[in-house]
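As a plain string of letters, each chain reads:
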Amino acid sequence: MLREGYLRNFIFGVEDSLVSTVGFVSGIASASVERSTLLLAGSVLIFVEAFSMGVGAFLSEESTLEARYRHRIRPLKSMLDGAVMFVSYLAAGFLVLSPYAFGPPDESVLRSAALSLVLLFLLGVLSARIARLPVIARGFRMMLVGGLAIVLGIMVATFIRGV
């Protein structure tokens, strides 16, 4: 049986990475930087955020369990939660960064955003299947909510670039 914490950290890690990476990288791309600079900035973001999210998942899970059981716990389970978060964030981030490796940054924004939306839909479908909920509705919900965050990131980058 899939433990709830692993599922939560997997979904959180993938969703956050898909949205944050696309928002950040599209903002960098809007500054008309070289592809190598964009790939460097995107890679640094993905690694730093994956590590930060993994550590955050570890610490929050460990703190929650210690508060629930009122004693020090063995950290293995919390470490696995952190590892799930780290790996899911890292993998999803590099998936949506990959279009920038194969084309000019300004043309890759739409490919990266579209890939992120498709992956968000599939993530919603997967989570719905596990929970035995309506698959299509949950897929569109995940895609819509994550898509709004992507649009917000692109709008902020566009606004700040225009200032």
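For clarity, every value in this text was computed on a predicted model and none was experimentally measured.

K.L.:
Explain the overall build of the protein residue by residue, including any values.
P.N.:
Broken down by element type, the protein carries five helices and zero strands. The helix and strand sequence of the protein, counted from the amino end, reads α-α-α-α-α. Split into buried and exposed, the 163 residues of the protein put 39% on the buried side. Of the contacts formed within the protein by residues at least 6 apart in sequence, a portion of 69% connects residues at least 24 apart. Side chains of the protein carry 14 positive and 11 negative charges; the gap between the two charge centres is 10 Å.

K.L.:
Kindly report on the pattern of salt bridges, identifying the contributing residues and their values.
P.N.:
In total, this model carries six salt bridges according to the counting rule given. The closest approach of N and O atoms between E4 and R8, which form a salt bridge, is 3.4 Å. In this pair, E4 and R8 are both assigned in helix α1 (residues 4–29), four residues apart and thus about one turn of the helix distant. A salt bridge links R72 to E66, with the nearest nitrogen and oxygen atoms 2.6 Å apart.

K.L.:
With reference to specific residues and values, describe unusual backbone geometry.
P.N.:
Even without being a glycine, S32 presents a positive backbone phi close to 55 degrees. When you line up the elements, S32 lands in the loop between α1 and α2 (35–69). On the accessibility criterion, S32 (67% relative accessible area) is exposed. In this model, R70 sits at a positive phi of 55 degrees, which is unusual for a non-glycine residue. Tracing the sequence through the fold places R70 in the loop between α2 and α3 (76–97).

K.L.:
Run through α2, naming residues and quoting values.
P.N.:
For α2, built from 35 residues, the straight-helix expectation of 51 Å at 1.5 Å per residue is met to within 8% by its first-to-last C-alpha distance of 50 Å. Of all the positions in α2, only L38, G42, L45, I46, A50, M53, G54, A57, E61, E62 and L65 are classed as buried. The inward-facing, buried residues of α2 contact α1, α3 and α4 (105–131). One or two residues past the end of α2 sits R70, with phi positive at roughly 55 degrees.

K.L.:
Residues and numbers for the packing of α1 against α4, please.
P.N.:
Contact geometry of α1 with α4 gives a least axis separation of 10 Å together with a crossing angle of 165 degrees. Comparing their axes, α4 and α1 come out roughly antiparallel. Crossing of α1 against α4: the hand is left-handed. Here L7, F10, I11, V14, E15, L18, V19, V22, S26 and A29 of α1 lie close against α4, whose contacting residues are P105, V109, S112, A113, S116, L119, L120, L123, L126, S127 and I130. Looking at the contact of α1 with α4 residue by residue, the class counts come to 16 nonpolar, four polar and one charged.

K.L.:
For the packing of aromatic side chains, give the residues involved together with the corresponding values.
P.N.:
According to the stated counting rule, one finds two aromatic pairs in the structure shown. With a centroid separation of 5.5 Å and 65 degrees between ring planes, the pair formed by F47 and F94 is classed as edge-to-face. With a gap of 47 residues between them, F47 in helix α2 and F94 in helix α3 connect regions that are remote in the sequence. For F47, a relative accessible area of 44% puts it in the partly exposed group.

Rules and cut-offs
- Residues numbered from 1 in each chain as written.
- Predicted model: local features only at pLDDT ≥ 70, side-chain atom pairs only at ≥ 80, totals over all residues.
- Heavy atoms only, no water.
- Helix = DSSP H or I, 4+ residues; strand = E, 2+ residues; numbered from the N terminus.
- Buried < 20%, exposed > 50% of the residue type's maximum accessible area, 1.4 Å probe, protein only.
- Contact = heavy atoms within 4.5 Å.
- Lys, Arg positive; Asp, Glu negative; His and termini not counted.
- Charge placed at Lys NZ, Arg CZ, Asp CG, Glu CD.
- Salt bridge = Lys/Arg side-chain N within 4 Å of Asp/Glu carboxyl O.
- Expected span 1.5 Å × (residues − 1).
- Axes fitted to C-alpha atoms, helices over the stretch in contact; angles between N-to-C directions.
- Parallel < 35°, antiparallel > 145°, perpendicular 65-115°, else oblique.
- Left-handed = near helix turned anticlockwise from the far one by under 90°.
- Nonpolar A, V, L, I, M, F, W, Y, C, P; charged D, E, K, R; others polar.
- Phe/Tyr/Trp six-rings, centres within 6.5 Å; stacked < 30°, edge-to-face > 60°.

Honestly, it's all geometry; don't read function into it.
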